[in-house]
Amino acid sequence: NAGVMQNPRHLVRRRGQEARLRCSPMKGHSHVYWYRQLPEEGLKFMVYLQKENIIDESGMPKERFSAEFPKEGPSILRIQQVVRGDSAAYFCASSPPGPGTDTQYFGPGTRLTVL
Amino acid sequence: GEDVEQSLFLSVREGDSSVINCTYTDSSSTYLYWYKQEPGAGLQLLTYIFSNMDMKQDQRLTVLLNKKDKHLSLRIADTQTGDSAIYFCAVPNSGNTPLVFGKGTRLSVIA
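This section reports on the structure supplied with the text.

1. Quick word on the overall build of chain B
The helix and strand tally for chain B stands at 0 helices and 11 strands. Counting helices and strands in the order they occur from the N terminus, chain B gives β-β-β-β-β-β-β-β-β-β-β. A compact globule built from 111 residues would reach a C-alpha radius of gyration of about 13 Å, and chain B, at 13 Å, matches this within 12%. The dimensions of chain B, computed from C-alpha atoms along their principal axes, are 40 × 30 × 20 Å. For chain B, the residues scored as buried account for 46% of the 111 residues in total. A sequence separation of at least 24 residues applies to 54% of the contacts in chain B between residues at least 6 apart. Taken as a whole, chain B presents about 5,300 Å² of accessible surface, with 47% of it coming from carbon and sulfur.

If you want it as structure tokens, here you go:
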């Protein structure tokens, strides 16, 4: 059973460009979470999605950031008009459906560098 | 909301025990987690403990939970150089699913 997959692993963008980060959850998992890790920091929650629904986006910046988890295909975290402060590691996690199964399994992350 | 605190650094000699401590603020969390992150890698789920337990042991790992003091610890017995990593304590936010992480404890193992 493959784990959580993220791509690309490394992404370099110039200021003003768009960044698209992809996450495929573990097989059988329908819940996806995105976290951001700044250097020397812990992970900060951004958004929690189920298929075709955003459940909690309380950690998402109000502008330039969006996330989706379509019925088919991976979850996408999209950052428009990137700035240097967006440079960070972005981690995706997934968990299975149902109550009492909130344990989250993480992917390897996408390291975004904004020049 | 939830707040999670950890000490930032710990250095031990190979073969000794390591104890990594964590405090949190919200006592309604059901599960509490420990993750391990090696350089340049993602987070590996190490272990977790249910909130109605005081202790959980899994091979070289022992988790202790003091709900009264809101204190969680991870003990690694017979620490090896391969245990060198950053260890994160993570607690669900006010019973909801998103996790709140501490800043991580960087464990250095000296051969």
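2. Digging into the sheet that holds strand E3 (residues 18–24) of chain B
All names here are of chain B. Taken in spatial order, the 5 strands of this open sheet run E1-E3-E8-E7-E6, and their pairing is antiparallel. Two strands close off the open sheet at either side, each with one partner strand: strand E1 (4–6) and strand E6 (55–58). Adjacent strand axes in the sheet meet at a mean angle of 15°, parallel and antiparallel pairs treated alike. In terms of strand pairing, E1 meets E3 through 3 bridges, oriented antiparallel. Within the sheet, the bridge partner assigned to Gln6 lies in E3 and is Cys22.

3. Considerations on the packing of aromatic side chains
To describe a pair of aromatic rings, one takes the distance between the centres and the angle between the planes. Considering all chains together, one arrives at 13 aromatic pairs over all chains under this definition. For the pair Tyr35(A) and Phe106(A), a centre-to-centre distance of 5.4 Å together with 45° between the ring planes defines the contact as tilted. Here the residue Tyr35(A) occupies a position in strand E4 (residues 31–37), and Phe106(A) occupies one in strand E10 (residues 105–106), the gap between them amounting to 71 residues. Considered together, Tyr35(A) and Phe106(A) belong to a single accessibility category, that of buried residues. For the pair Tyr33(B) and Tyr35(B), a centre-to-centre distance of 6.2 Å together with 35° between the ring planes defines the contact as tilted. With respect to burial, Tyr33(B) and Tyr35(B) carry one shared label: buried. Members of the aromatic cluster, each reached through a chain of ring pairs, are Tyr35(A), Phe45(A), Phe106(A), Tyr31(B), Tyr33(B), Tyr35(B), Tyr48(B), Phe50(B), Phe88(B) and Phe101(B).

About the thresholds
Residues numbered from 1 in each chain as written. Chains lettered and ligands numbered in written order. Predicted model: local features only at pLDDT ≥ 70, side-chain atom pairs only at ≥ 80, totals over all residues. Heavy atoms only, no water. Helix = DSSP H or I, 4+ residues; strand = E, 2+ residues; numbered from the N terminus. Rg over C-alpha atoms; globule rule 2.2 N^0.38 Å. Buried < 20%, exposed > 50% of the residue type's maximum accessible area, 1.4 Å probe, protein only. Contact = heavy atoms within 4.5 Å. Areas by Shrake-Rupley, 256 points an atom, 1.4 Å probe, with all protein chains shown as cover. Pairing = 2+ DSSP bridges. Axes fitted to C-alpha atoms, helices over the stretch in contact; angles between N-to-C directions. Phe/Tyr/Trp six-rings, centres within 6.5 Å; stacked < 30°, edge-to-face > 60°.

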